[in-house]
Amino acid sequence: MKPIYFDLDFGITCIDTRHMRDDFVAAYLIEDNGCVAFVDTGCYLSVPTLLATLDEKNIKREQVDYIILTHIHLDHAGGAGALIKHLPNAKVYVHEYGANHLIDPSKLRAGVIGVYGELFFKQFLGDLIPIAKDKIIIAKDKDEITLGSRVLKFIDTPGHARHHVCIWDEKSRGIFSGDTLGVSYREFDTEQGVLIFPPTTPIQFDPDAWKNTIQQLMTLQPKYAYLTHFNRIEFTQKSAAMLATHIDGFTNIAKQMQGHVSRHKAIKEALLDYLLEIAGQHGVTLDKTQKIKIFKGDLEICAQGLGVWLDTD
Ligand SMILES: [Zn+2]
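Residues numbered from 1 in each chain as written. Predicted model: local features only at pLDDT ≥ 70, side-chain atom pairs only at ≥ 80, totals over all residues. Heavy atoms only, no water.

### Thoughts on the environment of I131
Inference 1: Secondary-structure assignment places I131 in the loop between α6 (118-125) and β7 (136-138).
Inference 2: Here the alpha-carbon distance between I131 and A26, two residues 105 residues apart in the chain, equals 21 Å.
Inference 3: The residues touching I131, leaving out its near neighbours within four places in the chain, are A80, G81, V92, L102, I103 and I136. (Helix = DSSP H or I, 4+ residues; strand = E, 2+ residues; numbered from the N terminus. Contact = heavy atoms within 4.5 Å.)

Given below as structure tokens:
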């Protein structure tokens, strides 16, 4: 299988994990003086693509020191257990709230099957393999690790999920941001730049914490965000403001629909209207059907997360 990947600079490669569709879920490879790390893995079914990328780049599996997980949602971390079986020297870095779910993924599996169903799990996520406890290292806020000649620094980043860390790469002045700096599809790039919106995934969406996290990350004065969804973007104050605005936009929709008889459906419809509106204002020229097709992957999950937030806030 021929992997699809994008060589960025600073030894960073964006790998298309091919989850659900192309240009949707990225994993990253960082190479520095013969040392290698993955940041996120895609799901279980993405592992052959990751290994094929190593082969294409003539990277030996022994060279991979780290699998760094931004958080344990399965489109980011679902492949870690299967991947590490091929990487004899690798350790997994993960937030302390995610570690136990990697050692014993039964709750994670049950939670995902509860939301998406068994069929979806098998077809699109594949499986979940436990990771031995001695392979896991907790990534604490401000911890630094060395990869070749560069230092990678972990930052605790609640908002999208409580088990989320971002990774600051001083060398490229980039943040491996998982879902914390939003979702931005390349199909929506226009002369106005990138369109960013928040994935308000269940069950730990916390808008206030998220906006604080964005502010904290901006104090690093980043040049780039390495997004999982999808690929590297330049991340400016304007990007940060756009993301914060749409976090508020999404929560306002949820609040307006609080008492609606079919609340979930109402939130979903209003979210789609909102996204189509902001895409229009952003100058996206794709036709409506194409836009809906791209947004569709996020709508259900964003509406669910907003529902959980309404019920727990
Ligand atoms: Zn996530």
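### Considerations on the sheet that holds strand β9 (residues 150-156)
Inference 1: Read across the sheet, six strands follow the order β8-β9-β10-β11-β12-β13 without closing on themselves; strand pairing throughout is mixed. The sheet is open, and its two edges are formed by β8 (144-147) and β13 (231-234), each paired on a single side. Adjacent strand axes in the sheet meet at a mean angle of 25 degrees when their direction is disregarded.
Inference 2: Looking at chain direction, strand β12 (residues 224-227) and β13 are connected through four bridges and run antiparallel. (Pairing = 2+ DSSP bridges. Axes fitted to C-alpha atoms, helices over the stretch in contact; angles between N-to-C directions.)

### Digging into the packing of aromatic side chains
Inference 1: According to the stated counting rule, one finds 17 aromatic pairs in the structure shown.
Inference 2: Their ring planes at 35 degrees and their centres at 6.0 Å tell us that F24 and Y185 sit as a pair that is tilted. With a gap of 161 residues between them, F24 in the loop between β2 (12-16) and β3 (26-32) and Y185 in the loop between β11 (174-178) and α7 (207-218) connect regions that are remote in the sequence.
Inference 3: For F24, a relative accessible area of 10% gives the class buried.
Inference 4: Aromatic pair Y116 and F120: ring centres 4.7 Å apart, planes at 15 degrees, arrangement stacked.
Inference 5: The exposure class assigned to Y116 is partly exposed, which follows from its relative accessible area of 39%.
Inference 6: Counting every residue linked through ring pairs, the aromatic cluster contains F24, Y185, F188, F197, F250, Y274 and F295.
Inference 7: One Lys or Arg, R21, reaches over the ring of Y185 and ends 4.9 Å from the middle of that ring.
Inference 8: Seen from the ring of Y224, R232 lies directly overhead, with NZ or CZ sitting 4.0 Å from the centre. (Phe/Tyr/Trp six-rings, centres within 6.5 Å; stacked < 30°, edge-to-face > 60°. Buried < 20%, exposed > 50% of the residue type's maximum accessible area, 1.4 Å probe, protein only. Lys NZ or Arg CZ within 6 Å of the ring centre and 35° of its normal.)

### Remarks on the coordination of the zinc ion
Four donors placed tetrahedrally about a metal ideally form angles of 109.5 degrees, and six donors placed octahedrally ideally form angles of 90 or 180 degrees.
Inference 1: Every protein donor of the zinc ion is listed here as H71 (NE2), H73 (ND1), H160 (NE2) and D179 (OD), and their distances to the metal cover 2.1 to 2.3 Å.
Inference 2: In this structure, the zinc ion is coordinated by four donor atoms arranged in irregular fashion, with angles at the metal of 84 to 171 degrees.
Inference 3: Between the donor residues of the zinc ion, the gaps in sequence give the motif H-x1-H-x86-H-x18-D. Considered together, H71 and H73 belong to a single accessibility category, that of buried residues. (Donors = N, O, S within 2.8 Å, 3.2 Å for Na, K, Ca; no water. Tetrahedral: all angles 85-135°; square planar, octahedral: opposite > 155°, others 65-115°.)

### So, the pairing of β9
Inference 1: Counting buried residues along β9, five of its seven residues qualify, which places the element largely inside the surrounding structure.
Inference 2: By the bridge criterion, four bridges tie β8 to β9 in an arrangement that is antiparallel. Along β9, the bridge assignment pairs E144 with K153.
Inference 3: What sits between the antiparallel neighbours β8 and β9 is a turn of two residues, in which G148 has the positive phi angle 60 degrees.
Inference 4: Note: β9 against strand β10 (residues 165-169), five bridges, orientation antiparallel. Among the inter-strand pairings, D156 is bridged to a residue of β10, identified as V165.

### Here we look at the sheet that holds β3
Inference 1: Ordered in space as β1-β2-β3-β4-β5-β6-β7, the seven strands form an open sheet in which the pairing is mixed. At either end of the open sheet lies a strand with only one pairing partner, and these are β1 (5-7) and β7. Strand-to-strand, the axes of this sheet are offset by a mean angle of 20 degrees, without reference to chain direction.
Inference 2: Pairing of β3 with strand β4 (residues 35-39), which is carried by five bridges, proceeds in the antiparallel orientation. Bridge pairing in β4 places D32 opposite C35.
Inference 3: On the sheet, helix α1 (residues 47-56) packs against β1, β2, β3, β4 and β5 (64-68) and is oriented at approximately 140 degrees with respect to β2.

### A few points about the domain arrangement of the chain
Inference 1: Taken domain by domain, the chain comprises domain 1 (5-236) and domain 2 (242-312).
Inference 2: The gap between the C-alpha centroids of domain 1 and domain 2 is 24 Å.
Inference 3: Every contact between the two is made by 29 residues of domain 1 and, on the other side, 27 residues of domain 2.
Inference 4: Broken down residue by residue, the surface that domain 1 buries against domain 2 is led by F188, L195 and F197, which jointly contribute 23%.
Inference 5: Inspection of the domain 1/domain 2 interface yields one salt bridge.
Inference 6: One salt bridge connects K211 with D248, and the closest N-O pair in it is separated by 2.6 Å.
Inference 7: Between domain 1 and domain 2 we count seven residue pairs in polar contact (both at pLDDT 80 or more) in total.
Inference 8: Those elements that provide at least two residues to the side of domain 1 that touches domain 2 are α5 (106-116) and α7. (Domains from an automatic or database assignment. Buried area = accessible area lost by both parts, 1.4 Å probe. Salt bridge = Lys/Arg side-chain N within 4 Å of Asp/Glu carboxyl O. Polar contact = N/O pair within 3.5 Å; in protein donor to acceptor, adjacent residues only side chain to side chain.)

### Looking at the environment of K293
Inference 1: Its place among the elements puts K293 in helix α10 (residues 288-312).
Inference 2: For K293, a relative accessible area of 65% puts it in the exposed group.
Inference 3: Along the sequence, K293 and I129 sit 164 residues apart, while their C-alpha atoms lie 31 Å from each other.

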